[in-house]
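What follows is each chain in one-letter form.
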Amino acid sequence: MLAYHDATKHHPHGYAKGPGRLDWATQPDPFRRYEGAAVVSLLLGGDEPEPLYDEILSPGAVSPRPLNRRSISAFFECSLGLTAWKSYRGTSWSLRCNPSSGNLHPTEGYLLAGPIEGIGATPAVYHYAPREHALERRHEIGPAVWQRLMQGLGDSAFLVGLTSIYWREAWKYGERAFRYCQHDAGHALACLRFAAAMSGWRLRVIEESGDADIGRLLGVDREGDYSDAERENPDLTAVVTPTDRPLPATLTLDPDAIDAVAGGAWFGRANPLSGGHVSWDLIDEASEATEKPRGLPMAMAWQPRKDRRSEVASAHMEGESHGGGPTARQIVLQRRSGTDYDGETAITAPRFYGMLQRLMPIAAASGRPVPWDAISWPPTVHLFLFVHRVADLPSGIYGLARDALKVEELRAATRKEFAWQPVKNSPAGLPFFMLMQTDCRHAAARLSLGQEIAADGAFSLAMIAEFERPLREYGPWFYRRLFWEAGMVGQVLYMEAEALGARCRANIRGTGMGAYFDDWVHETLGLEGHAFQDLYHFTVGGAVDDDRLTTLPPYDAAATRT
Ligand SMILES: Cc1cc2nc3c(=O)[nH]c(=O)nc-3n(C[C@H](O)[C@H](O)[C@H](O)COP(=O)(O)O)c2cc1C
């Protein structure tokens, strides 16, 4: 994976290997369907009363909704559903709650649930079809097998699954696409977690399962159903409990029960997405090398860590939330990537710190905050921020250690000139440091492949992950998780940017940036070797909308609303 990672870096003297040009004739269809599977249409519109965005971030703050057709519908609408159609000069494309590199959407979603009135009388495996906002019933599961599968996961718990179709990203991005698929999976996972929280539900990835287990459970290992269609690679399954009780410390699925689920008849055949393909062998090799075996290394076992400094930060964060503000549904459905930033809008320091606090995964006795409670590995992704327009904060490069215990390691690994000075007036306990005061607009844009959006926002950032140690300690499969974590950080920033805009009545947005010059960033920060690697960039600021585009609603409301 070290070799894959190095081979897919962009350098100023040459980009990662890609197709060179876009072959529009083979552009992949962003909508997978399972033709022949029964279609269960879902409802549109939320459940009253709608929780506020601030409320959904503290587990336990929203009373759990019962599991029914309405709540399952809202769960998918607000996680993987469409949010708009855009059109320009006769071309139209859809946008979704979950963002995606190049809007290519490699991620597919699945539901495994017991009987739900209006959805199915027996437990079943469903594929989610976002264009139709519908579930496709792929497989029915006997009640006894279902009970065995879900043993120990809690009453009325259900499962969600994610898979990736690499070709959708590889069509445009070539070898680097494998990284983008993982970012997208991380974004989608955070979207699922936020949507579950809107109903007062808990969600956590079943980290013990192996990829082969997930493939069998979701039916994506069934060769015959994909004869001329692109295969889906299993990413993850997560359990969702429609209750506000914390999930058990260890989540496992009995492999024999998985075998029993996989047996029997499946319905539907996958639609081919492209008329032609280019093979990217390096992606297949990366996928194979990062396949997760069953089990979990001891070092990664779920341990809600208590760190006194982080507790202070989280207490402060809870104190920040106040009544009022936008609803979670509003934020989730209005989220968009900024395509251009005004180079003017500044944000206040307290708002900026508020955003950073939401990125901190370690919390107090109440456990990790949403969405960080969806995963259990210790945080590995830290931020190096290029601050351009934050009132009362001098422009410059700043560092946020997302694990307070890693500050010294980060300091030792980066440039000796970096001051690592705690930032005056920043919240107590937030491991946030001034490294160097400088106008870094030009550098931020250049490092992000010349993208001006990295200079024209209020701030942009590079997500620097602990890299070689976790890969060696946990195994190469952890490579994917590093990107998932980065994607989750990105999703929280997207949500926070929208929420800030709604609170200030300003057009504040965020944009994920998968395109940057990897080693040039490392050099700029003084990072050597593979101990830390840059995995993702992000920018936040005053967005300028492109008003040449026409925006249409995501669904024909009459069709699915009741
Ligand atoms: C992993 C990832 C990488 C991205 N990289 C870039 C980028 O380098 N530059 C950019 O302008 N947008 C980038 N985007 C934004 C996407 O283009 C955007 O999410 C997509 O067009 C869908 O639009 P939406 O986010 O408004 O739904 C990225 C998004 C993701 C999730």
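Cut-off values and rules
- Per chain, residue numbering runs from 1 following the sequence as it is written.
- With the structure being a predicted model, the display of local features is reserved for residues of pLDDT at least 70 and the display and counting of side-chain atom pairs for 80 or more, all residues being used for whole-chain, interface and lining totals.
- Working from all heavy atoms in the structure, the side-chain values ignore hydrogens and water.
- Each salt bridge in this description consists of a side-chain nitrogen of Lys or Arg and a carboxyl oxygen of Asp or Glu lying within 4 Å of one another.
- Think of it this way: any DSSP run of H or I at least four residues long counts as a helix, any run of E at least two long counts as a strand, and we number them from the N terminus.
- Accessibility here uses a 1.4 Å probe with only protein chains present; expressed as a share of the type maximum, an area under 20% marks a residue as buried, one over 50% as exposed, and anything in between as partly exposed.
- Think of a 1 Å grid over just the protein atoms. A cavity is a set of points where a 1.4 Å probe fits yet cannot get out, a pocket is an open set with protein on both sides within 12 Å along at least five of seven lines, and lining residues have an atom within 4 Å of a point.
- Grid points are joined across faces, edges and corners, and a volume is the space filled by probe spheres set on the points.
- For this scheme, ten residues count as nonpolar: Ala, Val, Leu, Ile, Met, Phe, Trp, Tyr, Cys and Pro. Four count as charged, namely Asp, Glu, Lys and Arg, and the remainder, Gly too, count as polar.
- In a helix, the anticipated span is given by 1.5 Å times the number of residues less one.
- Between rings of Phe, Tyr and Trp, where Trp is taken as its six-membered ring, a pair exists when centres lie within 6.5 Å; planes separated by under 30 degrees are stacked, by over 60 edge-to-face, and by other angles tilted.
- Think of it as a cone above the ring: NZ of Lys or CZ of Arg counts as a charge over the ring if it is within 6 Å of the ring centre and within 35 degrees of the ring normal.
- The disulfide definition used here is simple: a pair of cysteine sulfur atoms within 2.5 Å.
- Should DSSP find at least two bridges between two strands, the strands are taken to pair.
- Two residues qualify as a contact provided that any one of their heavy atoms is within 4.5 Å of a heavy atom in the partner residue.
- Side-chain atoms within 4.5 Å link the members of a nonpolar core, which is a set of buried Ala, Val, Leu, Ile, Met, Phe, Trp, Tyr and Cys residues.
- Neighbouring residues are identified by heavy atoms, a residue being near a molecule or strand if any of them is within 4 Å of it.
- Here a polar contact is recorded for every N or O atom pair within 3.5 Å, except that within protein the pair must consist of a potential hydrogen donor and a potential acceptor, and residues adjacent in sequence are included only if both atoms are side-chain atoms.
- Here, Shrake-Rupley sampling with a 1.4 Å probe gives the accessible areas, and only protein chains in the shown set may cover a residue.
- Angles run from 0 to 180 degrees between N-to-C directions of axes, and those axes are lines fitted to C-alpha atoms, restricted for helices to the stretch in contact.
- Here is the rule for handedness: rotate from the far helix to the near one, and if that takes an anticlockwise turn smaller than a right angle the crossing is left-handed, while a clockwise turn gives right-handed.

J.: Break down the pattern of salt bridges for me, with residues and values.
T.: In total, this model carries 35 salt bridges according to the counting rule given. For D373, the salt bridge identified is with R193, shortest N-O distance 2.8 Å. Note that D373 is positioned in the loop between α12 (349-357) and β12 (381-387) and R193 in helix α6 (residues 177-198), a separation of 180 residues in sequence. Classification of D373 by relative accessible area gives buried; the value is 9%. Look at the salt bridges and you will find they share partners, linking D403, K406, E466, R469 and E473 into a network.

J.: Which residues make up the layout of surface pockets, and what values do they have?
T.: The computed volume of the second largest pocket comes to approximately 590 Å³. Lining the second largest pocket are 25 residues; nearest its centre among them are Y166, R231, E232, N233 and D284. With four residues, helix α9 (residues 281-289) is the largest single contributor of residues to the lining of the second largest pocket. When the residues that make up the lining of the second largest pocket are grouped by side-chain class, the tally is ten nonpolar, six polar and nine charged.

J.: Account for helix α17 (residues 478-504), naming residues and giving values.
T.: Taking 1.5 Å of rise per residue, 27 residues should cover 39 Å, and α17 covers 39 Å from first to last C-alpha, within 8% of that figure. In terms of burial, α17 is largely enclosed, as 24 of its 27 residues are buried. Residue R505 follows α17 closely and has a positive phi angle near 50 degrees.

J.: Give a description of the packing of aromatic side chains that names residues and reports values.
T.: Per the stated rule, a full pass over the model turns up 28 aromatic pairs. Ring plane angle 45 degrees and centroid distance 6.2 Å describe the contact between Y15 and F517, whose orientation is recorded as tilted. Of this pair, Y15 sits in the loop between α1 (2-7) and β1 (34-35) while F517 sits in the loop between β17 (508-513) and α18 (518-525), and the two are 502 residues apart along the sequence. In this structure Y15 comes out as exposed when scored by relative accessible area, which is 53%. Here F467 and Y479 contribute two aromatic rings whose centre-to-centre distance is 6.0 Å and whose plane-to-plane angle is 75 degrees, an arrangement assigned as edge-to-face. In this pair, F467 is assigned in the loop between β16 (459-466) and α16 (468-474) and Y479 in helix α17, connecting sequence segments twelve residues apart. Three or more aromatic residues joined by ring pairs form one cluster here, namely Y4, Y166, F178, F467, Y479 and F483. The ring of Y516 carries R176 above its face, with NZ or CZ at 4.8 Å from the centroid.

J.: I'd love a proper account of the state of the cysteines, names of residues and values included.
T.: By definition, a disulfide links two cysteine residues through a covalent bond between their sulfur atoms. For the coordinates displayed, the defined rule picks out zero disulfides. C181 forms no disulfide, and the closest cysteine sulfur to it belongs to C191, at a distance of 16 Å. Residue classification places C181 among the buried positions, given a relative accessible area of 0%.

J.: Got a sec to walk through empty space enclosed by the protein? Specific residues and values, please.
T.: Within the structure shown, the criterion is met by four cavities of 30 Å³ or more. If you add up the space inside the largest cavity, you get close to 100 Å³. If you go around the largest cavity, you meet 14 residues; those closest to its centre are D47, R65, A74, M198 and S199. For the lining of the largest cavity, the elements supplying multiple residues, two or more each, are α3 (69-77) and α6. With four residues, α3 is the largest single contributor of residues to the lining of the largest cavity. For the lining of the largest cavity, the residue count by class is six nonpolar, three polar and five charged. Put simply, the second largest cavity is a space of about 80 Å³. Lining the second largest cavity are 15 residues, and of these P59, G60, A197, G200 and W201 lie nearest its centre. Considered class by class, the residues forming the lining of the second largest cavity number seven nonpolar, four polar and four charged.

J.: Explain the pairing of strand β6 (residues 124-129) to me, using residue names and the numbers behind them.
T.: For β6, a buried count of six out of six residues is recorded, marking the element as mostly surrounded by other parts of the structure. Burial along β6 is two-sided: A124, Y126 and Y128 and V125, H127 and A129, pointing in opposite directions, are all buried. In this structure, strand β5 (residues 107-113) lies alongside β6, joined through four bridges in antiparallel fashion. Bridge pairing in β6 places Y110 opposite H127.

J.: Got a sec to walk through the environment of V145? Specific residues and values, please.
T.: You can see V145 is positioned in helix α4 (residues 143-149). Along the primary structure V145 and A260 are separated by 115 residues, whereas in three dimensions their C-alpha atoms are 6.5 Å apart. Apart from residues lying up to four places away in sequence, V145 is in contact with A257, A260 and V261.

J.: Tell me what's going on with the nonpolar core, and back it up with residues and numbers.
T.: Within the largest apolar cluster, 114 residues are counted, with the highest numbers of intra-cluster contacts made by F75, L135, L203, F352, L385 and F432. Setting aside residues up to four positions removed in sequence, L385 forms contacts with F352, L356, G396, I397, Y398, G399, L400, F432, F459, S460 and L461. Formed by 28 residues, the second largest nonpolar core is a distinct cluster that contains A37, I206, Y226 and A229.

J.: Report on the site of the ligand, specifying residues and quantitative values.
T.: Near the ligand, the surroundings consist of 22 residues, among which R335, S337, Q451, G512 and G514 are the closest. Backbone polar atom of S100 to an oxygen atom of the ligand: 3.3 Å apart, as the coordinates give it. Between G514 and the ligand, the recorded distance is 2.9 Å, taken from a backbone N or O atom to a nitrogen atom. For the ligand, the protein covers 84% of the area, taking 620 Å² as the surface of the free molecule.

J.: How would you sum up the packing of helix α7 (residues 211-218) against helix α8 (residues 255-262)? Please name residues and give values.
T.: Running from N to C, α7 and α8 point in directions that differ by 35 degrees, and their axes come no closer than 8 Å. At the point where α7 passes α8, the crossing takes the left-handed sense. Across the interface between the two elements, D213, R216 and L217 of α7 pack against P255, I258, D259, V261 and A262 of α8. Here the contact of α7 with α8 is built from residues that sort into five nonpolar, no polar and three charged.

J.: Could you give an account of the sheet that holds β17, with specific residues and numbers?
T.: Note: strands within a sheet are paired through backbone hydrogen bonds, in either parallel or antiparallel orientation. Spatial strand order, β14-β15-β13-β12-β16-β18-β17: seven strands in an open sheet with antiparallel pairing. Sheet topology places β14 (421-422) and β17 at the edges, where each strand pairs with a single neighbour. Pairing analysis gives five bridges linking strand β13 (residues 396-400) to strand β15 (residues 432-437), with the strands arranged antiparallel. If you follow L400 over to β15, its bridge partner there is F432. α18 contacts β12, β13, β16 and β18 (532-542) of the sheet and is inclined by roughly 90 degrees relative to β18.

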